[in-house]
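Structure at a glance
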Amino acid sequence: MVYNIALTKGDGIGPEIVDSAVRVLEKIGKKYGHTFNFSSYLLGGCAIDATGAPLPEETVKGCLESDSVLLGAVGGPKWDSLPGNIRPEKALLGIREAMGLYTNLRPARLYPALSEECPLRRDIVKDGFDLLIVRELTGGIYFGERGYRDGRYGEEAYDTERYSRLEIERIARAAFEAARKRRGKVTSIDKANVLETSRLWRKTVHEVAADYPDVEIADMLVDNAAMQLVKNPAQFDVIVTSNMFGDILSDEASQITGSIGMLPSASLGEGRRGLYEPIHGSAPDIAGKNIANPIATILSAAMMLRYSFSLSAEAENIESAVDSVLNEGVRTADIIGSSGISPVSTVEMTDRILEKI
Ligand code: NAD
Ligand code: IPM
Ligand code: MN
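So, how was this worked out
- Residues numbered from 1 in each chain as written.
- Chains lettered and ligands numbered in written order.
- Predicted model: local features only at pLDDT ≥ 70, side-chain atom pairs only at ≥ 80, totals over all residues.
- Heavy atoms only, no water.
- Near = heavy atom within 4 Å.
- Polar contact = N/O pair within 3.5 Å; in protein donor to acceptor, adjacent residues only side chain to side chain.
- Areas by Shrake-Rupley, 256 points an atom, 1.4 Å probe, with all protein chains shown as cover.
- Helix = DSSP H or I, 4+ residues; strand = E, 2+ residues; numbered from the N terminus.
- Buried < 20%, exposed > 50% of the residue type's maximum accessible area, 1.4 Å probe, protein only.
- Nonpolar A, V, L, I, M, F, W, Y, C, P; charged D, E, K, R; others polar.
- Domains from an automatic or database assignment.
- Axes fitted to C-alpha atoms, helices over the stretch in contact; angles between N-to-C directions.
- Parallel < 35°, antiparallel > 145°, perpendicular 65-115°, else oblique.
- Left-handed = near helix turned anticlockwise from the far one by under 90°.
- Contact = heavy atoms within 4.5 Å.
- Salt bridge = Lys/Arg side-chain N within 4 Å of Asp/Glu carboxyl O.
- Core = buried A, V, L, I, M, F, W, Y, C linked by side-chain atoms within 4.5 Å.
- Pairing = 2+ DSSP bridges.

1. Some words on the site of ligand 1
Close contacts around ligand 1 come from 21 residues, with Val74, Glu89, Gly281, Ala283 and Asp285 the closest. Contacts to ligand 1 include Asp285, whose side-chain N or O atom sits 2.8 Å from an oxygen atom. Protein coverage of the free-state accessible area of ligand 1, which is 800 Å², stands at 70%.

2. Regarding unusual backbone geometry
Look at Ala283: it is not a glycine, yet its phi comes out positive at around 40°. Phi angles above zero are rare outside glycine, and Ser310 is one such case at about 50°. Its place among the elements puts Ser310 in the loop between helix 9 (295–307) and helix 10 (312–327). You can call Ser310 partly exposed: its relative accessible area is 45%.

3. Let's talk about the site of ligand 2
Lining the immediate surroundings of ligand 2 are Glu89, Leu92, Arg96, Arg106, Arg135, Tyr142, Asp247 and Ile279. Between Arg106 and ligand 2, the recorded distance is 3.0 Å, taken from a side-chain N or O atom to an oxygen atom. Side-chain polar atom of Tyr142 to an oxygen atom of ligand 2: 2.6 Å apart, as the coordinates give it. For ligand 2, whose accessible area on its own is 320 Å², the fraction buried by protein is 79%. Classifying every residue of the shell around ligand 2 by side-chain character gives three nonpolar, no polar and five charged. Summarising the domain contributions, the shell around ligand 2 has at least three residues from each of domain 1 (1–104 + 266–357) and domain 2 (119–256).

4. Some remarks on the packing of helix 5 (residues 165–180) against helix 6 (residues 196–209)
As a packed pair, helix 5 and helix 6 sit with axes 9 Å apart at the nearest point and diverge in direction by 50°. It follows that helix 5 is oblique to helix 6 by the angle criterion. You can see that helix 5 and helix 6 cross each other, and the crossing is right-handed. Judged by residue contacts, Arg165, Ile168, Glu169, Ile171, Ala172, Arg173 and Phe176 of helix 5 engage Leu200, Trp201, Lys203, Thr204, Val205, Glu207, Val208 and Ala209 from helix 6.

5. Digging into the domain arrangement of the protein chain
By domain assignment, the protein chain separates into domain 1 (1–104 + 266–357) and domain 2 (119–256). When each unit is reduced to the centre of its C-alpha atoms, the spacing between domain 1 and domain 2 is 24 Å. In this complex, domain 1 contributes nine residues to the contact, which on the side of domain 2 involves 14 residues. For the interface between domain 1 and domain 2, the tally reads zero salt bridges.

6. Points about the environment of Gly12
Turning to its location among the elements, Gly12 is positioned in the loop between strand 1 (2–10) and helix 1 (14–32). Overall, the relative accessible area of 31% leaves Gly12 in the partly exposed class. Excluding anything up to four places from it in sequence, Gly12 contacts Ser282 and Ala287.

7. Thoughts on the nonpolar core
Grouped together as the largest cluster of nonpolar side chains are 60 residues, with contacts concentrated most on Phe176, Leu305 and Ile353. Structurally, this core is a two-domain feature, drawing no fewer than three residues from each of domain 1 (1–104 + 266–357) and domain 2 (119–256). Sequence-distant contacts of Leu305, defined by excluding residues within four places in its chain, comprise Leu25, Ile28, Phe36, Ser310, Leu311, Glu314, Ala315 and Ile318. Core analysis: the second largest hydrophobic core is formed by 22 residues, Leu131, Leu229, Ile239 and Phe245 among them.

8. Regarding the environment of Glu314
Its location among the elements puts Glu314 in helix 10. Taking relative accessible area as the criterion, Glu314 reaches 8% and is therefore assigned buried. Along the primary structure Glu314 and Leu25 are separated by 289 residues, whereas in three dimensions their C-alpha atoms are 9.3 Å apart. Among residues more than four places away in sequence, those in contact with Glu314 are Ile28, Tyr32, His34 and Leu305.

9. Some remarks on the sheet that holds strand 11 (residues 266–268)
Spatially, ten strands are ordered 2-1-3-12-11-4-5-10-8-9 in an open sheet, and the strand pairing comes out mixed. Of all the strands in the sheet, just strand 2 (35–40) and strand 9 (216–221) have a single pairing partner and so form its edges. When the angles between neighbouring strand axes are averaged without regard to direction, this sheet yields 25°. Here strand 4 (residues 103–109) pairs with strand 5 (residues 130–136) via seven bridges, running antiparallel. Considered in strand 5, the bridge of Leu105 is made with Val134. The strands that helix 9 touches are strand 1, strand 2, strand 3 (68–73), strand 4, strand 11 and strand 12 (274–276); relative to strand 3, the one it contacts most, it runs at about 165°.

As structure tokens, then:
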């Protein structure tokens, strides 16, 4: 088969980690007889520098015409003082919206080989954990009305959290469907003790739950959830939550796996086409040094094979290659912890993964 993949490498470490994932996909293509055609498009700060706009029309068109998109990361100090509507991050929101990708899957599991890198006490994670955050991606406060106005104390800014029943229903369905293929438990996280949007969220999630009597449903307030994630992460199977809560909780979940450099994601809508990206950012502090962990992006490519192209054997091959190198003690700088292992570079980590495919 031939697959056309759009690459939006972005800024900071984006180009380094996407190049790693492309090498992995090329090796998989050779091994299993698939052709992956790659076309690169500008998105984020690099697009602002080249064209003046963070999300050029050509990028949107290229992504919409592709079979799927692999994205690095966007943003950096160079563009931090630009107004909100022309910041690199705006391009990320724009492409998610333009592609209709309302479901963001962020799996977080503790690899046995990385248990020493987990900052939680050993007794808490002795049996590991394996959870999936299902984050709503095209609604909520990220997309609500915002602006500046004259307020009671002079100038004020505002952002609005907004959710429709339809948006909640479809993300809830995605979570229940995912739970059916896992351990059959959904925890819906909200702030229903304060927010009206959360009260609609909770009510709607329970209405959808009626169609999934085989799946257990529990509600949890977000402040408690942030605490429970470090108290007992193994209690969670599937977490479903709003755009902003999912953003915050997934960074927290990533660190208890050892590093944010480990967590992949898949963004999906109604069709097969998706956008795949690590959950971390452009890591300006380590950009261009060949030390970033490419695993989150490589695992995002594996998710693309599984979810967009139905190539499960190929996806598993990548995932077990990652398992093997971690079991052999190969570590980038972010996952050495106090082990005393000398870290490998981004390129060396990729080479070692390629050897296992
Ligand atoms: P970040 O995720 O870029 O970095 C946080 C910390 O984690 C840094 O110390 C960084 O070095 C480290 N880190 C991240 N990825 C790593 C990897 N693969 N290997 C090793 N270490 C890694 O978050 P930040 O510093 O808050 O944001 C930096 C920029 O990235 C900002 O402009 C932000 O808006 C943007 N951002 C973009 C995305 C995205 O494109 N999806 C996501 C988050 C943040
Ligand atoms: C993420 C990022 C983005 C988000 C930012 C950069 C817009 O933090 O993908 O987690 O908040 O969705
Ligand atoms: Mn984030």
